[in-house]
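# Coordinate analysis (summary)
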Amino acid sequence: MLTARWLFLLLWIGFLLTIGRGVAQQSKFLPLQPHKVQWAQQVLKEAKAKKDSLMLAEAYYLFGKTYEATGDYLTAKRYFMQSLRILEPRGDSEELSRLYVRLSGLGFTFYNYADALRYAQLSLAIAERVRSDKALLRVYPLMRQIHETDWSQMSGQANKSLPKPNYDSVLYYLKKIEPLARRSPDPLELAVVNQYLGAELLRRNDPKAIAYREEALKIYTKQKKPADQVNAMLGLAGVYVHFGQPQRAKELLTKAEQLWQSLPSTNVRGTRFGFEATYTHYYQAIGDWKRAFEYQQKVFDLERNRYLADREGAASRLSVEYEIEKKEAQLKSQQKELALTTENLKNQRRFLATALVLLLLAVGASVAFYRLYRQNQRISSYNAQLVREQNHRVKNNLQVVSSLLSLQSNRLVDEAAKQAVEESQSRIETMAILHRRLYDSDQLVGVYLNEFIEEVVERVLQSFGCYDIRPKYDIPPLAMEAGHALRVGLIVNELATNACKYAFPDNDDPIFQIACTQKGSYLTLTVSDNGAGFSYSPKSVKTFGMRLIEMQVEQLEGTYNFQSEGNGAVFWMKFKVT
């Protein structure tokens, strides 16, 4: 049986393997790179001009890589399949093996074990037949990753029909990679495989893990890779401790600390986690339980801070991304509007010139005027269609974001993080309601406030299953600009959500009221309930929801306040609408 301390050692050594060289594999997508798109388009254009099918397959492959880097996996797979239709009939090639590796990687993305394994096996068979070290160095690590993955838990839900990790196969493919890496002109290939071999042999309690880790450290030192060198030192120190050599581990930790402090920039949280975990294991080995407990507490603090940062930052990142997308859409709309305006000016000049020339020909002038009138009608209709299309696409994108958040929520086990994602999904759905109304209605840049607020509230009540709450509305049919309506909708969404969660724990007749009054150019919004109430002061605002309400009111350049006396809560806000 594996001891708890040994399992802990394996966990943090695996963590060390991911920082540094593994950071690039995290799900942080790049924006679409224009120069890469232009290069792929250039290859595509040249392939069509030369009628070269292999070059055409390469162009589709380049497009697929570019879109895969942005996280647009469906578009990427579509391009990869176009390349596959060209390469497969031509038989074995290194390019076909490379393409199968990409498709197998998409199997990981979509949690599809069958696709990941099938394409990896096809790639492996071709690489072995063409006897290409380059192709084998590409596919063997993929096979190792497939067998190391716990597919039964991959989607966040247990599925006993899918395989668990097979560490015998992991070691088999690592042994396959080792001679290839030793022949490779890049010594870092050997350093990486030695790191993984050291971890796998440590899992089997094999002292040979020390030799592999030491060789990896020598390579990183010779290649002058100080960040990788620090991580290799930490991993090797942990192995020394495990095999009863704590003094050598202590010496290595001291050198690692000195080297890490000398680096101009460091992965503070990741590398610090490695140091604290290694010191914990070291002090456990020498029996200094007090120091071991202190370092273990530091490890827990680092992990807690990471989870808190991820939870607090999720909704903010979504808001920033949405604002950027909205501004880009507005800029494109303005550019199109400017082009249409320029076209209108040209048409007007033509009309004046024609009117002067055809002054005596009334019939001809009338015909010219009629044609210009019809052309302006078409331009106006086209402009309206563009705005509707923009709102429709934004609505669809928001629905996709909401679906992705729902999938992410199903995978989370931390209740606080899950709640934060679900609340972010609720805010995204409020935005989607606004853009659906913009798309469905005749008003292209505004909505009726009463219909919009009622739909937002009903959606919140339905999502929380609060069918016993009686909403009451006193809202005039006021047409409001989309930007103002979105901020009001987000505020109402937060208040309705809080009411569903906290306001009516023991209330047999819950009531939720929303009223709007307009006086001159100012609108006053009042939201109240007959719930339990709460204690509020501006300095006590700590939650993300309260900060979101405050931020939306500031963007409306308005004022607000909460009132609560134990028999319900009242929120009011006043802002200028025209």
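Note: the structure precedes this text.
### Topic: the packing of helix α18 (residues 482-503) against helix α19 (residues 544-555)
- Put simply, α18 and α19 touch, their axes get as near as 9 Å, and they point 155° apart. Between α18 and α19, the angle falls in the class roughly antiparallel. Of the two possible hands of crossing, α18 and α19 adopt the one that is left-handed. For the pair α18 and α19, contact is made by R487, L490, I491, E494 and L495 and by G545, L548, I549, Q552, V553 and Q555, respectively.
- When the residues that make up the contact of α18 with α19 are grouped by side-chain class, the tally is six nonpolar, three polar and two charged.

### Some details on the pattern of salt bridges
- Scanning the model with the defined rule gives 17 salt bridges in all.
- Across the pair R203 and E148 runs a salt bridge, and its minimum N-O distance is 4.0 Å. With a gap of 55 residues between them, R203 in helix α9 (residues 187-203) and E148 in helix α7 (residues 133-148) connect regions that are remote in the sequence.
- Look at R203 and you get partly exposed, because its relative accessible area is 23%.
- Residue R182 is joined to E178 by a salt bridge in which the shortest nitrogen-to-oxygen separation is 3.1 Å. On the criterion of helical spacing, the pair formed by R182 and E178 is a turn pair, its members being four residues apart in helix α8 (residues 167-183).
- Residues joined by salt bridges that share partners form a network here, namely R144, E148, D168, E200, R203 and R204.

### A look at the sheet that holds strand β7 (residues 569-576)
- The five strands lie next to each other as β2-β4-β5-β7-β6, forming an open sheet whose pairing is mixed. Of all the strands in the sheet, the pair left with one neighbour each is β2 (470-474) and β6 (559-564). Averaged over all pairs of adjacent strands, the angle between their axes in this sheet comes to 10°, without regard to strand direction.
- Taken together, the eight bridges between strand β4 (residues 511-519) and strand β5 (residues 522-529) define a ladder with antiparallel strand orientation. For Q518, the partnering residue across the bridge sits in β5 and is L523.
- Across the sheet, α18 lies against β4, β5, β6 and β7, angled at about 175° from β7, the strand it touches most.
- The sheet strands contacting α19 are β6 and β7, and the helix crosses β6 at an angle near 145°.

### A closer look at the packing of helix α6 (residues 113-130) against α7
- With their axes 9 Å apart at the nearest point, α6 and α7 run at an angle of 150° to one another. Taken together, the axis directions place α6 and α7 in an arrangement best described as roughly antiparallel. Our pair here, α6 against α7, has a crossing hand that is left-handed. Across from Y113, A116, L117, A120, Q121, S123, L124, A127 and E128 in α6, the residues of α7 making contact are A135, L136, V139, Y140, L142, M143 and I146.

Thresholds, definitions, all that
- By convention here, each chain's residues receive numbers from 1 onward along its written sequence.
- Totals for whole chains, interfaces and linings use all residues, but because this is a predicted model, local features are given only for residues with pLDDT of at least 70 and pairs of side-chain atoms are given and counted only at 80 or more.
- In computing side-chain properties, one takes all heavy atoms of the structure into account and sets aside hydrogens as well as water.
- To obtain each axis, a line is fitted to C-alpha atoms, and for helices this fit is confined to the stretch in contact; angles are then taken between N-to-C directions over 0 to 180 degrees.
- Think of it this way: any DSSP run of H or I at least four residues long counts as a helix, any run of E at least two long counts as a strand, and we number them from the N terminus.
- Any angle that falls under 35 degrees is termed roughly parallel, while one over 145 is termed roughly antiparallel, one within 65 to 115 roughly perpendicular, and all others oblique.
- If you view the pair so one helix is near and one far, a crossing is left-handed when the near helix is turned anticlockwise from the far one by less than a right angle, and right-handed when it is turned clockwise.
- Residue contacts follow a heavy-atom distance rule, with two residues in contact if any of their heavy atoms lie within 4.5 Å.
- The residue classification treats Ala, Val, Leu, Ile, Met, Phe, Trp, Tyr, Cys and Pro as nonpolar and Asp, Glu, Lys and Arg as charged. All others, Gly included, are polar.
- In what follows, salt bridge is the name for a side-chain nitrogen of Lys or Arg lying within 4 Å of a carboxyl oxygen of Asp or Glu.
- Relative accessibility under 20% of the residue-type maximum defines a buried residue, over 50% an exposed one, and the middle range a partly exposed one, all with a 1.4 Å probe and only protein chains included.
- Two strands are said to pair when DSSP picks up at least two bridges between them.

Scope: geometric values only; no functional claims are made or implied.
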